Amino acid sequence: MNVHLRQRALWLVWSVVLLASLAAVVVLNRRASAGSVAGVASGFSRTDNRTDGLARFGFTLDESAKRLGVDALHQGPTFDAQLEHIMPQVASMGAAVAVADFDRDGWPDFYVTSSGEGSLNHLYRNQGDGTFKDVAGAMGVADVNREGTGVSMGAVWGDYDNDGFDDLFLYKYGRPELFHNDAGRGFTPVGEKAGLPRWVNANAAVWFDYDRDGRLDLFLAGYWSEDVDLWHLKTTRIMPESFEYAENGGRKYLFHNLGDGRFEETALKLGLTSRRWTLAAAAADLAGTGYPDLFLANDYGIPQLYRNQGGKGFVEAGRDAGVALTPKSGMNAAFGDIFNDGRLSIYKTNISEPGVLVQANDLWVPKKGSTGEYEDLASSLGVDLGGWSWGAQFGDLNNDGTLDLYLTNGYVSAGERSSYWYDFAVIATGHSAIIGDAKNWPAMRGRSLSGYQRKRVWMNDGLGRFTDVAQVVGVTDTFDGRAVALADLSNTGVLDVIVANQRGPLLVYKNRVQPGRHWIAFELEGRASNRSAIGARVELQWGGRTQVQEVSGGSGFSAQNDRRLHYGLGASTAVERVSIRWPSGRHQTIDHPRIDALTRIVEPE
Amino acid sequence: MTRRFSFDNRFLGPILITGILIAAHLSFGILEGYSRTGLAIAVAIAAELLLGRLTYGRFPHLASAYITGISVGILVRSPFLWAYALASLISIVSKYVLRYKGRHLWNPSNFGVSAELFLAPATVSLLSIQWGNTLWPMVVIWVLGAVIVWRVGRLHISATYVASFLLFSVVRSVITGNPWLASVAPITGPMYQLFIFFMVTDPKTTVGPRWAQLVVVFIVAFVEMLLRLAEVVYAPFYALFLVGPVSLFIESLLAAKPQRSSSTSTSPAVA
């Protein structure tokens, strides 16, 4: 063949290769962005969708807040006028929910925050008849956003004095408060006696017994620096010094419970020296030492994994573990045994905005056979792209025996046809001298920033793949979601979903699961361990499967699930064994526990 | 006089960009992972070897392909490995397909990255972060980059682009009402340093005459301003994508001889 012809033939071949490559990009992008999304057949009404969801996935979620008597509407704060031009984004958090049976009547209740100056928080008491009543005012935990004291950002329940009633810790952009539960009849503020600091701009807190002395300790994470009063700015140089490497956020606090109502602050002494912008924290025994480790999801940077050194201190091990290599915008920390093999994976949410920023969420799964190393399997499993993701929780929503994942999202929903993303992307690339000063940030002018986003309900097929079924099972809201908490609100063996939305209504998605799917639940009470049993590790064995869960003192984003542990069993009609490792170190085994029932277990003396 | 030591300028680009990558990753962890950048480099080199050998009957110098691969590896942000492999493949193949009178029209990595950004917005984004919180890494890279592009006779292009960007940032600030520091913020980031030192200076895809190079890079900055006013996040890449080939096409049309003397010049960067 002559040279010219050969050249032309090769050019044609390369042209085909180029076109094929471009086509492959389009196809792969479409496939990846759709992920595994269960479709809704056209022409289906919403009721039809739910019927479809029940048949196809074994459950449906029906938003029922008003019917249940839940009418909370979150209000946002208004900070110093120097932040007026970017107020929607700096005042973009504070919608939180935490579940606990505060009056020990056997029905889970929940506390809901609001963040407007002077607005009221809510404590919804479960009346046991399918309705709730807001008793926050009567109980003394409603009027907590008074001017000069800051506004609520979240709350966590934990029985710090082991009297059998869960106490309430409220964290704020402002003065944190600890409310002692007076036997379910009211709450008394005891923060001053406890020795809490005067002002912390916090977005995360966790109860855990880090030294296993039988008393709950408290971790509190600052977001903005604690010397910033957002209502009275001395300077506008309060913003993160970097979009990816900021370490000028709030300090961390570890309040060691002294047992007499007082706490000793020990964070720096025990190695918790971070000044990253923490948005979420959760504790669990990730290394199998018996002591709880601490995972922090940080905005503007890498996450941090603090390994517990036998209760005597913490060592930051995120880089060694492989979870802290890439800086992102962390907003959630939740643990789940997604493969039913006893390994707790970590789910951290981040930002993904098509065409601008694709950080993707992280699902850190422990490597088999390694000593504490993780690999990110979010993309492989299909739980990576969730928009501007906020709170997420693991739970078996359809009682099939595997943990599913509920995620809420959306940052600022304002003008539907206008976006702040371009300006946000521009300022985010700036040097610290630029990004760190609020006055350099372009004005938002009523524009949205990742607003009106569709939520994700990822069903775990147990084989390593998650499918988003949100639209099919009835989760169709597009509010700016923040906190997600799971609880069996009606004691019927199904996990309901409570979602707190920023400047929006609190949503309660009541769950309906296909008949014939079995379940089991446990309510643990410590004796030598902390009474709330936070940190107890429960391994369930049934039908050749094993699933581990830990009792948590706060997880997700600004949220706390019901501490009662719920397991779906699928079609199995028997459980072989439940093994409990109490925080005290004691082990307990129960053979053949009763299924389709909640079992209360008290730690053996 | 015999030279005791000679240095092939084609290695300058790879050395600089590798230095930037290593320094940035060790300091700030900017990479998504070594595997992704490694994949981008491997695909670019493999494609260059294969296409070059089959097309021209010889193995090409790999500096260009290496820079293409490493640029893709640094710039592309995606949770998916295919995004890195395909961006590199598209970049290299485009050199062999999109040609006019013997010249390829697009800077390879500019073409590959722009195409992916346009075709895969949901799964691909671009490096858009800054150099940590201190000024020194940025200053070091600016100085090193300037010395190297000066050594290969391309500093005037980079300097003109920077001056034009600063000028147009003032214009944008006046039009949008945004603070000037916000308008100028992007140029403080690593994405722009790669763009300024490795893309707009690429001798294979810039016009020949010195004055024309200045005009073209000024127009690139101008088009970028227009795109930024239209709130296009990846404005510099799209601006070069649009202006570069048009300018080369016009030059080729006007040229009496299709072969440019500079086509075999030492290149600081052929990204």
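Definitions and limits used
- Every residue gets a number counted from 1 within its own chain, in the order that chain's sequence is written.
- Whichever chain is written first becomes A and whichever ligand is written first becomes 1, with later ones labelled in order.
- Totals for whole chains, interfaces and linings use every residue, but because this is a predicted model, local features are given only for residues with pLDDT of at least 70 and side-chain atom pairs only at 80 or more, for both listing and counting.
- A helix here means a DSSP run of H or I that spans at least four residues, while a strand means a run of E at least two residues long, and both kinds are numbered starting from the N terminus.
- The burial criterion counts other C-beta atoms lying within 10 Å of a residue's C-beta, which is placed from the backbone; the residue is buried at 20 or more, exposed at 12 or fewer, and partly exposed between these limits.
- Distance between backbone-placed C-beta atoms decides contact: two residues are in contact if it is within 7 Å.
- Being paired, for any two strands, means DSSP has found at least two bridges between them.
- Geometry is summarised by axes, namely lines fitted to C-alpha atoms with helices restricted to the contacting stretch, and by angles between N-to-C directions that run from 0 to 180 degrees.
- To form a nonpolar core, buried Ala, Val, Leu, Ile, Met, Phe, Trp, Tyr and Cys residues must be joined through C-beta atoms within 7 Å.
- Each helix should span, by expectation, one fewer than its residue count multiplied by 1.5 Å.
- The labels follow the angle: roughly parallel below 35 degrees, roughly antiparallel above 145, roughly perpendicular from 65 to 115, and oblique for the rest.
- When the near helix sits turned anticlockwise from the far one by under a right angle, the crossing is termed left-handed; a clockwise turn instead gives a right-handed crossing.
- Polar here means any residue other than Ala, Val, Leu, Ile, Met, Phe, Trp, Tyr, Cys and Pro, which are nonpolar, and Asp, Glu, Lys and Arg, which are charged; Gly is therefore polar.

1. Some remarks on the overall build of chain B
A tally of regular secondary structure across chain B gives eleven helices and four strands. Put simply, chain B has 271 residues, and 55% of those count as buried.

2. Some details on unusual backbone geometry
Residue and element names in this part refer to chain A. The phi angle at Asn162 is positive, at roughly 55°, despite the residue not being glycine. With respect to the secondary-structure elements, Asn162 resides in the loop between strand 6 (150–158) and strand 7 (167–174). Despite not being glycine, Ser450 has its phi angle at roughly 50°, a positive value. Examined against the element boundaries, Ser450 turns out to sit in the loop between strand 27 (447–448) and strand 28 (456–460).

3. Observations regarding the interface of chain A and chain B
On the side of chain B, 44 residues touch chain A, which itself brings 47 residues to the contact. Tallying contributions element by element places helix 1 (residues 3–34) of chain A first for the side of chain A that touches chain B, with 15 residues.

4. Brief notes about the sheet that holds strand 38 (residues 577–581) of chain A
All names here are of chain A. Here four strands make up an open sheet; going across it, the order is 35-34-38-39 and the pairing antiparallel. The sheet terminates laterally at strand 35 (545–550) and strand 39 (587–591), the two strands that pair on one side only. This sheet shows a mean twist of 15° between the axes of neighbouring strands, independent of strand direction. Pairing of strand 34 (residues 537–542) with strand 35, which is carried by six bridges, proceeds in the antiparallel orientation. Note on strand 35: the bridge partner recorded for Trp542 is Arg545.

5. Quick word on the nonpolar core
Counting residues in hydrophobic clusters, the biggest one holds 269 residues, and the most contacted among them are Val97(A), Ala98(A), Ala205(A), Ala281(A) and Ala485(A). At eleven residues, helix 4 (residues 81–97) of chain B tops the list of elements feeding residues into this core.

6. Considering helix 1 of chain A
End to end, helix 1 of chain A covers 46 Å across 32 residues, agreeing with the expected 46 Å (1.5 Å per residue, within 8%). Looking at helix 1 of chain A, one finds that the buried residues are Trp14(A), Leu18(A), Ser21(A), Leu22(A), Val25(A), Asn29(A) and Ala32(A). The inward-facing, buried residues of helix 1 of chain A abut helix 2 (34–56), helix 4 and helix 5 (108–119) of chain B.

7. Observations regarding the pairing of strand 12 (residues 252–257) of chain A
All names here are of chain A. Among the six residues of strand 12, five are classified as buried, and the element is accordingly described as predominantly covered. The pairing of strand 12 with strand 13 (residues 263–265) spans three bridges and is classified as antiparallel. Note on strand 13: the bridge partner recorded for Phe255 is Glu265. Linkage of strand 12 to strand 13, two consecutive antiparallel strands, is achieved through a turn of five residues, within which Gly259 is found at a positive phi near 95°.

8. Focus: the packing of helix 1 of chain A against helix 4 of chain B
Running from amino to carboxyl end, helix 1 of chain A crosses helix 4 of chain B at an angle of 150°, the nearest separation of the two axes being 9 Å. Our classification of the angle between helix 1 of chain A and helix 4 of chain B gives roughly antiparallel. The handedness of the crossing between helix 1 of chain A and helix 4 of chain B comes out as left-handed. Taken together, the residues of helix 4 of chain B that come into contact with helix 1 of chain A (itself represented by Trp11(A), Trp14(A), Ser15(A), Val17(A), Leu18(A), Ser21(A), Leu22(A), Ala24(A), Val25(A) and Leu28(A)) are Trp82(B), Leu86(B), Leu89(B), Ile90(B), Val93(B), Ser94(B), Tyr96(B) and Val97(B).

9. Re the packing of helix 7 (residues 155–176) of chain B against helix 10 (residues 210–229) of chain B
All names here are of chain B. The interhelical angle for the contact between helix 7 and helix 10, taken along N-to-C directions, is 30°, at an axis separation of 9 Å. The orientation of helix 7 with respect to helix 10, classified from their angle, is roughly parallel. With respect to the hand of their crossing, helix 7 and helix 10 are arranged in right-handed fashion. Together, His156, Ile157, Thr160, Tyr161, Ser164, Phe165, Phe168, Val171, Arg172 and Ile175 of helix 7 and Arg210, Gln213, Leu214, Val217, Phe218, Val220, Ala221, Phe222, Met225, Arg228 and Leu229 of helix 10 make up the contact between the two elements. Per-class residue counts for the contact of helix 7 with helix 10 are 14 nonpolar, four polar and three charged.

10. What to know about the environment of Gly69(B)
Relative to the helices and strands, Gly69(B) resides in helix 3 (residues 63–75). Residue classification places Gly69(B) among the buried positions, given that 32 C-beta atoms sit within 10 Å.

11. Quick notes on the sheet that holds strand 2 (residues 97–100) of chain A
Residue and element names in this part refer to chain A. Taken together, the five strands give an open sheet; going across it, the order is 5-4-3-2-36, and neighbouring strands pair in mixed fashion. For this open sheet the edge positions go to strand 5 (132–134) and strand 36 (559–560), each flanked by a neighbour on one side alone. Inspection of the sheet shows strand 3 (residues 109–112) paired to strand 4 (residues 122–126) by three bridges, in the antiparallel sense. Of the residues in strand 4, the one forming a bridge with Val112 is His122.

12. Focus on the pairing of strand 31 (residues 496–501) of chain A
All names here are of chain A. When you tally the buried positions in strand 31, you get six out of six residues, the bulk of the element. Burial along strand 31 is two-sided: the residues Asp496, Ile498 and Ala500 and Val497, Val499 and Asn501 are all buried. Bridging between strand 30 (residues 481–487) and strand 31 involves six bridges; their strand directions are antiparallel. Bridge pairing links Ala483 to Ala500 in strand 31. Looking at chain direction, strand 31 and strand 32 (residues 507–513) are connected through three bridges and run antiparallel. What sits directly across from Val499, in strand 32, is Leu507. Linkage of strand 31 to strand 32, two consecutive antiparallel strands, is achieved through a turn of five residues, within which Arg503 is found at a positive phi near 50°.

13. Focus on the environment of Lys252(A)
Residues and elements named next belong to chain A. Relative to the assigned elements, Lys252 resides in strand 12. Looking at Lys252, the number of C-beta atoms within 10 Å reads 26, which means it is buried. Sequence separation of Lys252 and Trp277 is 25 residues, and the distance between their C-alpha atoms is 9.9 Å. The residues touching Lys252, leaving out its near neighbours within four places in the chain, are Ala221, Gly222, Ala267, Leu272 and Ser274.

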